[in-house]
Amino acid sequence: MNELLFQNATVFLGDRFLTGASVHVAHGRIQTITDQSPVAPAGVTVIDLADDYLIPGLVDLQLYGGSQLFLNEIPTPATVRHIFDTHNRNGTTTLLPTIHSTSLDVMQQAINAVAVVRAENPLGVPGIHVEGPYFNPVKRGAHSAAFVRVPDEAELTTLFSRNADVIRILTLAPEIMPPERLAQLFALKHPDTRLSLGHSNATYQQATDALNTGQIPLATHLYNAMRGFESREPGVVGAIFDHPTVCTSLVADGYHCDPATIRIAHRILGDRLFLISDALFAAPPGVDGPRPTFTLGEFVVHYATDPRGPGRYMNDEGKLAGSALTLIDCVRVCVEKAGLPLTDALRMATSIPADVAGLGDQIGRIQPGHAARLVRLDKSLTVQGVWQ
């Protein structure tokens, strides 16, 4: 990156905005932030933001495809690069390509593909999210019944035998795992791998016991594909709300969660709630898509539009199969439909997921020493520029 000086910016500092601000970037790192307008030294490129927002690059920890390519379908480095490029155009500068329930062979191909791209772009694609296939069949959602399973000892050994550190998040339903298999998983996983409770029909007590092991710090897409909250059985949702430390993702697209449920979760969880796009395919401005239909084995989905949000995918069983957006769309839903403060919605898409991924000391914040992964938003929260 050239040496840059952003001027006349409304800079997001995590809990507030600094207006009329300047941000100096050199050697790929943020150097200084000031409310002054310093004269740029010779050789420094000046970018006048005309009071637009300057925010950290967005961090999306769960998405499956770009505008045209889908990781499960073609688990290659080229697909991973395509996914990154698609979402990067709309302000997501760090992401975890996600593989949904499939065979062990395809899982390994996807992990190896992400390992290749991580070596090229370590802060852009720091790893993979393996979503399943170790789910409760009752809460499999749109995941293929042919692949949802309880792993045997050999499968877990093979899964973590190569590139184990590439697996940043692994979503599973702990109640379907025999105790010895869960203990094996805890022992084999890499220290950088975060286990996440999801696609689970656990009771409140089962979910609480799993979270209390200290080995499962996360939960996947709150409210969706998990036992809901009821007065006499608080379920997985109740266990998440009641737990003191667990962090959970949420799909704020207007379909997966009603705006009121987003607002309620935010009120209860605060900075333990973060956003994911859950995008099967996405079509930010300037790219073709999203694909209208998609078939992979028994996994068949169709794109559907609705005035409640920017679009989503449904399978042949009428189940939600994922979204068709990028993370900035979720930020807008949180602000415009759920009524959350912009500062909170932006944290849910920047610093909180960066911390969840173990990268909060490098990305997700505009502060000296952090990587210069920056996004310009106008006042309608539309991306006008991306730098990294």
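Everything numeric here is computed off the predicted structure, so don't read it as measured data. (Residues numbered from 1 in each chain as written. Predicted model: local features only at pLDDT ≥ 70, side-chain atom pairs only at ≥ 80, totals over all residues. Heavy atoms only, no water.)

Caption draft 1: Just the packing of helix α5 (residues 204-212) against helix α6 (residues 235-242), in detail. Two numbers describe how α5 lies on α6: the axes approach to 7 Å, and their chain directions differ by 45 degrees. Classed by the angle they form, the pair α5 and α6 counts as oblique. When you trace α5 past α6, the crossing you get is right-handed. Each of Tyr204, Ala207, Thr208 and Leu211 in α5 lies in contact with α6, whose residues at this interface are Gly235, Val236, Gly238, Ala239 and Asp242. Residues belonging to the contact of α5 with α6 are distributed by class as follows: five nonpolar, three polar and one charged. (Axes fitted to C-alpha atoms, helices over the stretch in contact; angles between N-to-C directions. Helix = DSSP H or I, 4+ residues; strand = E, 2+ residues; numbered from the N terminus. Parallel < 35°, antiparallel > 145°, perpendicular 65-115°, else oblique. Left-handed = near helix turned anticlockwise from the far one by under 90°. Contact = heavy atoms within 4.5 Å. Nonpolar A, V, L, I, M, F, W, Y, C, P; charged D, E, K, R; others polar.)

Caption draft 2: Geometry of the sheet that holds strand β11 (residues 218-219). If you trace the eight strands from one edge of the open sheet to the other, you get β6-β7-β8-β9-β10-β11-β12-β13, paired in parallel fashion. The open sheet has two free edges, formed respectively by β6 (58-63) and β13 (273-275), since each of these has just one partner strand. With three bridges joining them, strand β7 (residues 92-100) and strand β8 (residues 128-131) adopt parallel strand pairing. When the bridges of β8 are listed, Thr98 appears paired with His129. Here helix α2 (residues 104-120) sits on the sheet and contacts β7, β8 and β9 (167-172); the angle it forms with β8, its principal contact strand, is near 165 degrees. (Pairing = 2+ DSSP bridges.)

Caption draft 3: Examining the environment of His129 more closely. Looking at where His129 falls in the secondary structure, it is placed in strand β8. Spatially, the C-alpha atoms of His129 and Arg194 are 9.4 Å apart, while their sequence positions differ by 65 residues. A polar atom in the side chain of His129 sits 2.8 Å from the side chain of Thr171. (Polar contact = N/O pair within 3.5 Å; in protein donor to acceptor, adjacent residues only side chain to side chain.)

Caption draft 4: Just the packing of aromatic side chains, in detail. Within the structure shown, the criterion is met by seven aromatic pairs. Ring centres 4.9 Å apart and planes at 75 degrees place the aromatic pair Phe6 and Trp387 in the edge-to-face group. In this pair, Phe6 is assigned in strand β1 (residues 4-12) and Trp387 in strand β19 (residues 383-387), connecting sequence segments 381 residues apart. Per residue, the accessibility class of Phe6 equals that of Trp387, and both read buried. Judged by centre distance (6.2 Å) and plane angle (75 degrees), the ring pair of Tyr223 and Phe241 falls under edge-to-face. Placement of the pair is Tyr223 in the loop between β11 and α6 and Phe241 in helix α6, with a sequence separation of 18 residues. A residue is classified by how much of its surface remains accessible, and Phe241, at 18% relative accessible area, is buried. (Phe/Tyr/Trp six-rings, centres within 6.5 Å; stacked < 30°, edge-to-face > 60°. Buried < 20%, exposed > 50% of the residue type's maximum accessible area, 1.4 Å probe, protein only.)

Caption draft 5: Spotlight on empty space enclosed by the protein. Taken as a whole and assessed by the stated rule, the structure comprises one cavity of 30 Å³ or more. The space that makes up the largest cavity amounts to roughly 50 Å³. Around the largest cavity sit Leu61, Gln62, His129, Ile169, Ser196, Leu218, Ala219, Thr220, Ser249, Phe274 and Ile276, which together line it. Those elements that place two or more of their residues in the lining of the largest cavity are β6 and β11. Class assignment of the residues belonging to the lining of the largest cavity gives a composition of six nonpolar, five polar and no charged. (1 Å grid on protein atoms, 1.4 Å probe; cavity = no way out; pocket = protein on both sides within 12 Å on 5 of 7 lines; lining within 4 Å. Points joined across faces, edges and corners; volume = space filled by probe spheres on them.)

Caption draft 6: Layout of the packing of helix α1 (residues 77-88) against α2. With their axes 8 Å apart at the nearest point, α1 and α2 run at an angle of 55 degrees to one another. In terms of orientation, α1 lies oblique with respect to α2. The two elements α1 and α2 meet at a crossing, and its hand is right-handed. Here Pro77, Val80 and Arg81 of α1 come into contact with α2, specifically with Ala113, Val114, Val116, Val117 and Glu120. Taken together, the residues of the contact of α1 with α2 break down into six nonpolar, no polar and two charged.

Caption draft 7: Spatial organisation of the nonpolar core. One finds Ile128, Leu222 and Leu275 to be the most contacted residues of the largest nonpolar core, which totals 99 residues. Residue contributions to this core peak at nine residues, all from α2. Setting aside residues no more than four positions away along its own chain, Leu222 makes contact with Val237, Ile240, Phe241, Thr248, Ser249, Leu250, Cys257, Ala265, Leu269 and Leu273. Of all hydrophobic cores here, the second largest spans 16 residues; its members include Ala21, Val25, Leu49 and Ala372. (Core = buried A, V, L, I, M, F, W, Y, C linked by side-chain atoms within 4.5 Å.)

Caption draft 8: Molecular detail of the environment of Leu63. Its location among the elements puts Leu63 in strand β6. Residue classification places Leu63 among the buried residues on the basis of a relative accessible area of 0%. Sequence separation of Leu63 and Ile276 is 213 residues, and the distance between their C-alpha atoms is 7.5 Å. In contact with Leu63, other than residues within four places in its own chain, are Ile83, His87, Leu95, Leu96, Pro97, Thr98, Ser277 and Ala279.

Caption draft 9: Here's a closer look at α5. When we look at burial in α5, the residues that qualify are Ala207, Thr208, Ala210 and Leu211. What you see down the axis of α5 is that its buried residues fit within an arc of 160 degrees, all on one side. Looking at the buried residues of α5, the elements they touch are β10 (194-197), β11 and α6. Looking one or two residues beyond α5, the residue adopting positive phi is Gly214, at roughly 80 degrees. (Arc of directions from axis to C-beta.)

Caption draft 10: Geometry of the environment of Arg272. Along the chain, Arg272 turns up in the loop between α7 (259-269) and β13. Look at Arg272 and you get buried, because its relative accessible area is 16%. Residues Arg272 and Val246 lie 26 residues apart in sequence; the distance between their C-alpha atoms is 6.8 Å. Beyond its immediate sequence surroundings of up to four residues, Arg272 is in contact with Ile240, Phe241, His243, Pro244, Thr245, Val246, Cys247 and Thr248. Polar side-chain contacts of Arg272 include one of 3.1 Å to the backbone oxygen of His243.

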